[in-house]
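Below are the chains, spelled out letter by letter.
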Amino acid sequence: GGFGGLVYMTSCRFMERFGIDDPLEAFMIHGAAGSWGCIAVAIFNKDKGLLYGGTIKVLGVQMLGIGVIATWSMFFTAVFFILASRYGMRVSENEEQWGSDYYSYIKAHKMTDADIQLSKTA
């Protein structure tokens, strides 16, 4: 668990350094730390792990699993973003600026864009 935390923190710094925006930190938790978890199974498994006399094949199987999961995730993420882009499923510029939760609140209270502009200057 402790090393998984280090993997998470390192991946956060990596993403920040290269200016990659991941506000939910999904890659850092599920991609980086999850990949470490898969590799750790190949190393520390008491029945087949590398530290307990297992073969490198176990690590290969885990790495293959990481590759399959990454490919699956990238493919369906790309499909989603292509469809969202093609069919106008983006939020408005105001909603993007203010945030979806805040903008939903504004809509629920029947505020207009003019009201929003006034509250920005207040």
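This text follows the structure it describes.
Residues numbered from 1 in each chain as written. Predicted model: local features only at pLDDT ≥ 70, side-chain atom pairs only at ≥ 80, totals over all residues. Heavy atoms only, no water.

K.L.:
Explain the overall build of the chain to me, please; I cannot follow it from the model alone.
P.N.:
Assigned secondary structure in the chain consists of six helices and zero strands. If you list the helices and strands of the chain from N to C, you get α-α-α-α-α-α. Taken across its 122 residues, the chain has 15% of its residues classed as buried. (Helix = DSSP H or I, 4+ residues; strand = E, 2+ residues; numbered from the N terminus. Buried < 20%, exposed > 50% of the residue type's maximum accessible area, 1.4 Å probe, protein only.)

K.L.:
Explain the layout of surface pockets to me, please; I cannot follow it from the model alone.
P.N.:
Empty space left among the atoms is revealed by rolling a probe the size of a water molecule over them. Estimates place the volume of the largest pocket at around 570 Å³. Considering the residues around the largest pocket, the lining is formed by 15 residues, among which Ala26, Phe27, His30, Gly31 and Ser73 are closest to the centre. Elements with a contribution of two residues or more to the lining of the largest pocket: helix H2 (26-44) and helix H3 (56-86). When residues in the lining of the largest pocket are grouped by element, the largest group, seven residues, is from H2. (1 Å grid on protein atoms, 1.4 Å probe; cavity = no way out; pocket = protein on both sides within 12 Å on 5 of 7 lines; lining within 4 Å. Points joined across faces, edges and corners; volume = space filled by probe spheres on them.)

K.L.:
How should I be thinking about helix H1 (residues 2-17) in this particular structure?
P.N.:
Given 3.6 residues to a turn, an α-helix orients residues that are three or four positions apart in the same direction. For H1, built from 16 residues, the straight-helix expectation of 22 Å at 1.5 Å per residue is met to within 8% by its first-to-last C-alpha distance of 23 Å. Within the span of H1, buried status applies to Gly4, Val7, Ser11, Cys12 and Met15. The arc that holds the buried residues of H1, viewed along the axis, is 135 degrees, so those residues lie on one side. More than 90 degrees from the buried face of H1, the exposed residues found are Gly2, Thr10, Arg13, Glu16 and Arg17. In the core, the buried residues of H1 are packed alongside H2. Once H1 ends, the next one or two residues include glycine 19, with phi positive near 70 degrees. (Expected span 1.5 Å × (residues − 1). Arc of directions from axis to C-beta. Contact = heavy atoms within 4.5 Å.)

K.L.:
Help me understand H3, please; the structure alone is not making it clear to me.
P.N.:
Between its terminal C-alpha atoms H3 stretches 45 Å, which fits the 45 Å expected from 31 residues at 1.5 Å a residue. Trailing H3 by a residue or two, glycine 88 shows a phi angle of about 65 degrees, which is positive.

K.L.:
Just checking my understanding: could you explain the side chain of serine 11 for this structure?
P.N.:
By the secondary structure assignment, serine 11 is in helix H1. Using a relative accessible area of 8% as the deciding quantity, one classes serine 11 as buried. If we ignore the near neighbours within four places in the chain, the residues touching serine 11 are Met28 and Ala32.

K.L.:
Any chance you could explain the side chain of aspartate 22 here in plain terms?
P.N.:
Position of aspartate 22 among the secondary structure elements: in the loop between H1 and H2. By relative accessible area, which is 18% here, aspartate 22 ends up buried. Of the polar contacts made by the side chain of aspartate 22, one reaches the backbone nitrogen of alanine 26; its length is 3.1 Å. Side-chain polar atoms of aspartate 22 contact the backbone nitrogen of phenylalanine 27, separated by 2.8 Å. With sequence-adjacent residues up to four places away left out, aspartate 22 is seen in contact with Met15, Phe27 and Met28. (Polar contact = N/O pair within 3.5 Å; in protein donor to acceptor, adjacent residues only side chain to side chain.)

K.L.:
I would appreciate a short explanation of unusual backbone geometry in the present structure.
P.N.:
Working note: non-glycine residues mostly have negative phi, and peptide bonds are mostly trans. In this structure, glutamate 25 takes a positive phi of about 55 degrees despite not being glycine. For glutamate 25, the position within the fold is in the loop between H1 and H2.

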